[in-house]
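# Commentary on secondary and tertiary structure
Here are the chains, one letter per residue:
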Amino acid sequence: MEKLTAAAYAHQINQPFLGIITVSQTKDWNQTGLRFPLKYKSLVQKSARAQGIIPAWVYGIMRRESAFDPKIVSSANAKGLMQVLPSTAKVVARKLGLKNHRASDLLTPRKNVYIGSGYLSQMLKRFKGNYVKATASYNAGPHRIPRWAPDYPISAPQWIESIPFKETRNYVRAVMAYTTIYDHKLNYKSRRSLRLSQRLQKIGP
C-alpha cells in the first residue's frame with residue numbers, strides 16, 4: 001500500500017518514470033492508471049495526427065522506450081521519450097522538412113515525439129500498414145524484417161515468437177499490448193478502441 005501511495009505521489013509531482021517504476025515493484029498489474037498514465041496527451045495526439053498514425057501506438061512505444069522520462073539516454077545513445085537515435089533522427093528530420101535539427105533537440109519532448117512519430121509513420125508505410133512489422137522495425141531496424149519473413153503466411157503471434165532476438169520479441173509483445181491499453185484509455189467513451197487481435201495482421205513471405 002505504501003508503494004502505491006508513493007507511486008501516486010510521483011505522478012502528482014510530475015515524475016511518471018518514478019511512478020511507473022515504483023508501482024511495478026508491487027506487481028499489482030491491475031493498477032493501469034498508475035502504470036499507464038496519459039502523460040503528454042495533447043502533444044502525442046497532435047504529433048500522431050500530423051503523421052497519420054494512432055496516438056495509442058505512439059503511447060505504446062513511448063511507454064516501453066522511456067516510461068516518460070524525457071531526458072533518458074540509452075547505452076546506444078538513443079535519446080528522449082521515444083528513444084530515437086541521432087542518426088535516425090537526422091534522416092527523419094530531413095524528410096519532415098525540419099531545418100537546423102540538432103541531436104540535442106531529441107531531449108525536447110515536442111521535437112522528440114514529432115520525429116519519433118514521423119519515423120513510426122514511415123515504418124508503417126514501408127510495411128504496408130502492418131503494425132507488428134513496423135513495431136519490430138522500430139526496435140531492431142527495418143533492414144532485418146525481410147530476413148525474418150516466413151515461407152508461408154502465418155499469424156502475427158507465431159511470427160513474433162519466431163523473431164530470433166529475445167529483446168525484439170519482448171519489445172513487440174509489450175508495445176502491442178500497451179497500444180491496446182492506451183487505445184482503450186483514449187477511446188473507451190466513443191467505443192472506437194480495437195481488440196489486440198484486430199491489430200495483429202497476418203505475416204506473409
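A few points on the structure. (Residues numbered from 1 in each chain as written. Predicted model: local features only at pLDDT ≥ 70, side-chain atom pairs only at ≥ 80, totals over all residues. Heavy atoms only, no water.)

### Points about the packing of aromatic side chains
Summed over all chains, the structure comprises eight aromatic pairs. The interplanar angle of 75° and the centroid separation of 4.9 Å between the aromatic rings of Trp57 and Tyr131 together place this pair among those described as edge-to-face. Here the residue Trp57 occupies a position in helix α5 (residues 55–65), and Tyr131 occupies one in helix α8 (residues 131–140), the gap between them amounting to 74 residues. Both residues of the pair, Trp57 and Tyr131, belong to the buried class. Taking the centre distance of 5.6 Å and the plane angle of 50° together, the rings of Tyr119 and Tyr138 count as tilted. Separated by 19 residues along the polypeptide, Tyr119 in helix α7 (residues 109–126) and Tyr138 in helix α8 bring together distant segments of the chain. Like Tyr119, the residue Tyr138 is buried in the burial classification. Three or more aromatic residues joined by ring pairs make a cluster, and in this case those are Phe36, Tyr59, Phe68, Tyr178 and Tyr182. Against the face of Tyr40 rests Lys39, its NZ or CZ located 5.1 Å from the ring centre. (Phe/Tyr/Trp six-rings, centres within 6.5 Å; stacked < 30°, edge-to-face > 60°. Helix = DSSP H or I, 4+ residues; strand = E, 2+ residues; numbered from the N terminus. Buried < 20%, exposed > 50% of the residue type's maximum accessible area, 1.4 Å probe, protein only. Lys NZ or Arg CZ within 6 Å of the ring centre and 35° of its normal.)

### Thoughts on the packing of helix α6 (residues 86–96) against α7
At their nearest, the axes of α6 and α7 sit 9 Å apart, and the two run at 85° to each other. Taken together, the axis directions place α6 and α7 in an arrangement best described as roughly perpendicular. Across the interface between the two elements, Thr88, Ala89, Val92, Ala93, Lys95 and Leu96 from α6 touch Tyr114, Ile115, Gly118, Tyr119 and Gln122 from α7. Here the residues of the contact of α6 with α7 sort into seven nonpolar, three polar and one charged. (Axes fitted to C-alpha atoms, helices over the stretch in contact; angles between N-to-C directions. Parallel < 35°, antiparallel > 145°, perpendicular 65-115°, else oblique. Contact = heavy atoms within 4.5 Å. Nonpolar A, V, L, I, M, F, W, Y, C, P; charged D, E, K, R; others polar.)

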